[in-house]
Amino acid sequence: MGDLAVGARSGHEGPEERPQRPDDAASPASPDHTGSGSDPSDDGVTQGGGGQTGQPPKQRSFWKELPLLIGIALVLALLIKTFLVQAFSIPSDSMQNTLQQGDRVLVDKLTPWFGSQPTRGEVVVFHDPDNWLAGEPTTTPNALQTALSWIGLMPSAEEKDLIKRVIGVAGDTIECRNTGPLIVNGKPLNEPYVYPGNTPCSVDDQGGQFKVTVPQGRIWVMGDHRQNSLDSRYHQQDRYQGFVPVGNVVGRAVVVAWPPTRWNTLPIPDTFEQGLDVTAPAALGLTGALPLVLWRRRRLTARLTAGNPRVPGGGTAG
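Calculation notes
- Residues numbered from 1 in each chain as written.
- Predicted model: local features only at pLDDT ≥ 70, side-chain atom pairs only at ≥ 80, totals over all residues.
- Heavy atoms only, no water.
- Helix = DSSP H or I, 4+ residues; strand = E, 2+ residues; numbered from the N terminus.
- Buried < 20%, exposed > 50% of the residue type's maximum accessible area, 1.4 Å probe, protein only.
- Contact = heavy atoms within 4.5 Å.
- Salt bridge = Lys/Arg side-chain N within 4 Å of Asp/Glu carboxyl O.

S.K.: I keep staring at the overall build of the chain and nothing clicks. Help me out?
M.R.: Within the chain, the regular secondary structure consists of 4 helices and 12 strands. When each of the 318 residues of the chain is scored for burial, the buried share is 29%. Residue pairs at least 24 apart in sequence account for 71% of intrachain contacts in the chain once pairs closer than 6 positions are excluded.

S.K.: Sorry, what's going on with the pattern of salt bridges here?
M.R.: Side-chain pairing between opposite charges can occur once the charged atoms of the two side chains come close. One pass over the structure, following the stated rule, counts 9 salt bridges. Where Asp 172 meets Arg 120, a salt bridge forms, and the shortest distance between an N and an O atom there is 2.7 Å. Taken together, the residues Asp 172 in the loop between strand 4 (161-168) and strand 5 (173-176) and Arg 120 in the loop between strand 2 (104-108) and strand 3 (123-127) connect sequence positions 52 residues apart. Assigned by exposure class, Asp 172 and Arg 120 land together as buried. Between Glu 122 and Arg 252 there is a salt bridge, with its nearest N and O atoms 3.9 Å apart. On the criterion of sequence distance, the pair formed by Glu 122 in the loop between strand 2 and strand 3 and Arg 252 in strand 11 (residues 249-258) is long-range, its members being 130 residues apart. Judged by its relative accessible area of 24%, Arg 252 is partly exposed. Beyond isolated ion pairs, a larger network of salt bridges with shared partners links Arg 120, Asp 172 and Asp 277.

S.K.: Looking at this model, I keep getting lost on the side chain of His 235. Mind explaining?
M.R.: Mapped onto the secondary structure, His 235 falls in the loop between strand 9 (218-222) and strand 10 (244-245). Setting aside its immediate chain neighbours within four residues, His 235 contacts Trp 132, Leu 230, Gln 241 and Gly 242.

Okay, here's the thing in structure tokens:
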């Protein structure tokens, strides 16, 4: 038998090895094997490899994996809503024609996490500073809408949020006289985004005529539909005098995402790129004063030198 042939190779006395028959090639290679290939005492490696039979592993059913996929998608949506981007619905006409009632905008929430501050000309979403939305009608969402808004798949229906354009930041002086134009740091703005037929400034005694300076940590906001927007102008009697705390800003609206026919980006208008910073006049004043300061210092040094005989060259005519 094959077992005897193997034993002969070990150097023990035994019958001479006989020629191998074809059926011997399939026999076990050592006396410790039974030849069945399925003994539990084997090394754990069979002809199929990996301790398993030659059949491929059975894949999990799609329906068993579906809850896991949904869970991962919900977690990712929640993270995106919290830290990256969130959708908001436009509830009024105060930003026409830039935004229409019913538009869905995507708001960048990432950059504020890195210390980015609101900039003039941006369209921003912010939490209600001091009951600006008092008396405004609110909808009551159903359970599904609440769940979808919580994970960011639908705009939030419960949060008291507003959307306006940033006109001034800390240090800016903003002024409206008569019908306009709107003046920021002494420079008039060209505002093509203002609703057709509106004037940049409103002539009324409720706040349309004003001159304010934005304090630190605040912004001044106005709607593009100037005669239909209860913005910073009309809340100057609240605890923030109409200014919005920077900490209330949720983020910048960057894209109109819905409906598809309204898809558009929301860039900063060119009029805010004309050098409105209040630091520019101060820098020019410092540059003009520098030669005068140097001249005065040189004259003072010359006088001290002329009056001190210990200084070489002293006593000469100054």
